Amino acid sequence: MPTELYHLVAFIIALVVVWWSTPIINEFGRRKGLVDNPKNDANNRKMHQRPMVRLGGVSIFAGTVIALLLVWIFGGFGWLPPNKEWEIWGVTMGGVAFFLIGLADDLYDLSPMTRLLLQTVVASAAWGVGVRIDFLSVPFASLIQIGVFSLPITVIWLVGMANAINWIDGLDGLAAGGCGISAVVMMILALFMEQPAAALIAAALAGAALGFLRYNFNPAQIFMGDGGAYFMGFTLAGVGVIGLVKVATVATVAVTAVLLPFVVLAVPILDMSMVIISRISQGKSPFIADKRHLHHRLIQAGISHRLTVLFIYALTLWVGSIALGLSNIPSGWGFAIAATVLLGYVGWQAWRKRREVRDLHDN
């Protein structure tokens, strides 16, 4: 079977597993009372109005892992040298561990410090088997070996992205759609960088995330919970390391390659960074939830739930297309132009709706 077909197969298998398993998980959660009840929200930041099952991450996790296992059984990963095989296992097993941490939080409400400690241990283990950032880039200059700082920088990247995805999971379909878009872009970039194994992980994750939208887009029937968000965030961060950053020393665009994961995931990265800075500047803990995120601000500005999600989708697609252009993929800048037009149109619709709401309020 041609290598490219394995990626399509992984995407479809993950999609089908999620479509089939999500209703079963939803019914199980309802019977057991495993729901996110907005009445229990002390910070009044929940956007839903009724109790929702928050175990959808189980189907995302199952779809991704089952797809990867089946592709592996049928030879889709081909022959990998030992170091690359450990990297793939590091991302896969790290994703499993992050999912279990999130699932435990969904079921037992772990403290922020407990979650952070467990995540740090898992990320450190992933670094130990080769999922590591060994150098950074200076724009328009060269690569810089970071030596002893490799471990802390890698851990910050892996743990930070897992939590960044969890933080943007505040509206129906927002995290699932955003991660699905980012995973597709990661898959294309990894294939272009001749990293088909990393691209397979991205393809499976994309199928699971986008398949979950059938049940999670507004109005949502089920939430992914921390388990799904942590799993997707860690997996995207891991693919970014082994599929892009790790190959920068042999890529024709070495300096740019290091930057690509940060560009693709710029939306959750910037959202998390601005929220943390805002909280600390006001003397508040960065771990205390509030309504400072981009999606909260758009809702507060009078933009509808769905239009807010679509705008952030367009923004995610736009930064992803910029990454395609920077990587010198054929027609990459053409995709970037098209994504810019789309973002402009959706942004104009959001501005128009905001103005209508403001005019209605003034009258």
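Going by the structure above, here's the rest.
So, a few notes on the structure that sits alongside this text. (Residues numbered from 1 in each chain as written. Predicted model: local features only at pLDDT ≥ 70, side-chain atom pairs only at ≥ 80, totals over all residues. Heavy atoms only, no water.)

So, the packing of aromatic side chains
- One pass over the structure, following the stated rule, counts 7 aromatic pairs.
- Ring plane angle 85° and centroid distance 5.5 Å describe the contact between Phe61 and Phe231, whose orientation is recorded as edge-to-face. With Phe61 in helix 2 (residues 56-73) and Phe231 in helix 8 (residues 225-243), this pair connects stretches of sequence that are 170 residues apart. Taken as a pair, Phe61 and Phe231 share a single burial class, namely buried.
- Joined through ring pairs, the aromatic side chains of Phe61, Phe99 and Phe231 make up one cluster.
- Here the guanidinium or amino end of Arg279 rests over the ring plane of Trp167, the centre of that ring lying 5.0 Å away.
- The ring of Trp348 is capped by Arg352, whose NZ or CZ atom sits 5.4 Å from the centre of that ring. (Phe/Tyr/Trp six-rings, centres within 6.5 Å; stacked < 30°, edge-to-face > 60°. Helix = DSSP H or I, 4+ residues; strand = E, 2+ residues; numbered from the N terminus. Buried < 20%, exposed > 50% of the residue type's maximum accessible area, 1.4 Å probe, protein only. Lys NZ or Arg CZ within 6 Å of the ring centre and 35° of its normal.)

Considering helix 7 (residues 196-216)
- With 21 residues, helix 7 extends 29 Å from end C-alpha to end C-alpha; this agrees with the ideal 30 Å at 1.5 Å per step.
- With respect to burial, helix 7 is a largely interior element, 18 of its 21 residues being buried. (Expected span 1.5 Å × (residues − 1).)

Concerning unusual backbone geometry
- Of note, the amide linkage connecting Asn218 to Pro219 takes the cis form, showing an omega dihedral of -5°.
- Mapped onto the elements, Pro219 comes out in the loop between helix 7 and helix 8.
- In the Ramachandran plot, Glu194 falls in the positive-phi region, its phi being about 60° despite a non-glycine side chain.
- Checked against the element boundaries, Glu194 lands in the loop between helix 6 (174-192) and helix 7.
- Residue class for Glu194 comes out exposed when judged on its relative accessible area of 65%.
- The backbone of Asn328 sits at a positive phi, close to 65°, despite the residue not being glycine.
- With respect to the secondary-structure elements, Asn328 resides in the loop between helix 12 (305-326) and helix 13 (332-362).

Regarding the nonpolar core
- Counting 104 residues, the largest nonpolar core has Trp157, Leu158, Met186, Leu189, Met224 and Met232 as its most contacted members.
- The element best represented in this core is helix 7, accounting for 15 residues.
- Other than its neighbours up to four places away in sequence, Met186 contacts Ala202, Leu236, Val239, Gly240, Leu244, Pro261, Val264 and Leu265. (Core = buried A, V, L, I, M, F, W, Y, C linked by side-chain atoms within 4.5 Å. Contact = heavy atoms within 4.5 Å.)

Section: helix 12
- Spanning 22 residues, helix 12 covers 32 Å between terminal C-alpha atoms, matching the ideal 32 Å at 1.5 Å per step.
- The buried count for helix 12 comes to 16 of 22 residues, which makes it a mostly enclosed element.
- Backbone geometry just downstream of helix 12 places Asn328 in the positive-phi region, at approximately 65°.

Some remarks on the packing of helix 6 against helix 8
- It is at 11 Å that the axes of helix 6 and helix 8 come closest, and there the two elements cross at 15°. In terms of axis orientation, helix 6 runs roughly parallel to helix 8. Relative to helix 8, helix 6 is oriented so that their crossing is left-handed. Contacts between helix 6 and helix 8 involve Ala175, Ala176, Cys179, Ser182, Ala183, Met186 and Ala190 from the first element and Met232, Leu236, Val239, Gly240 and Gly243 from the second. (Axes fitted to C-alpha atoms, helices over the stretch in contact; angles between N-to-C directions. Parallel < 35°, antiparallel > 145°, perpendicular 65-115°, else oblique. Left-handed = near helix turned anticlockwise from the far one by under 90°.)

Some points on a nonpolar patch on the surface
- The grouping of Ile66, Leu69, Leu70, Trp72, Ile73, Phe74, Trp86, Trp89 and Met93 at the surface amounts to a nonpolar patch, some 970 Å² of accessible area in total.
- Within the element layout of this structure, Trp86 appears in helix 3 (residues 82-108).
- The exposure class assigned to Trp86 is exposed, which follows from its relative accessible area of 52%. (Patch = residues over 30% accessible without salt bridge, like charges linked within 9 Å, V, L, I, M, F, W, Y side chains within 5 Å. Areas by Shrake-Rupley, 256 points an atom, 1.4 Å probe, with all protein chains shown as cover. Salt bridge = Lys/Arg side-chain N within 4 Å of Asp/Glu carboxyl O.)

Function cannot be read off these values alone, since they describe shape.
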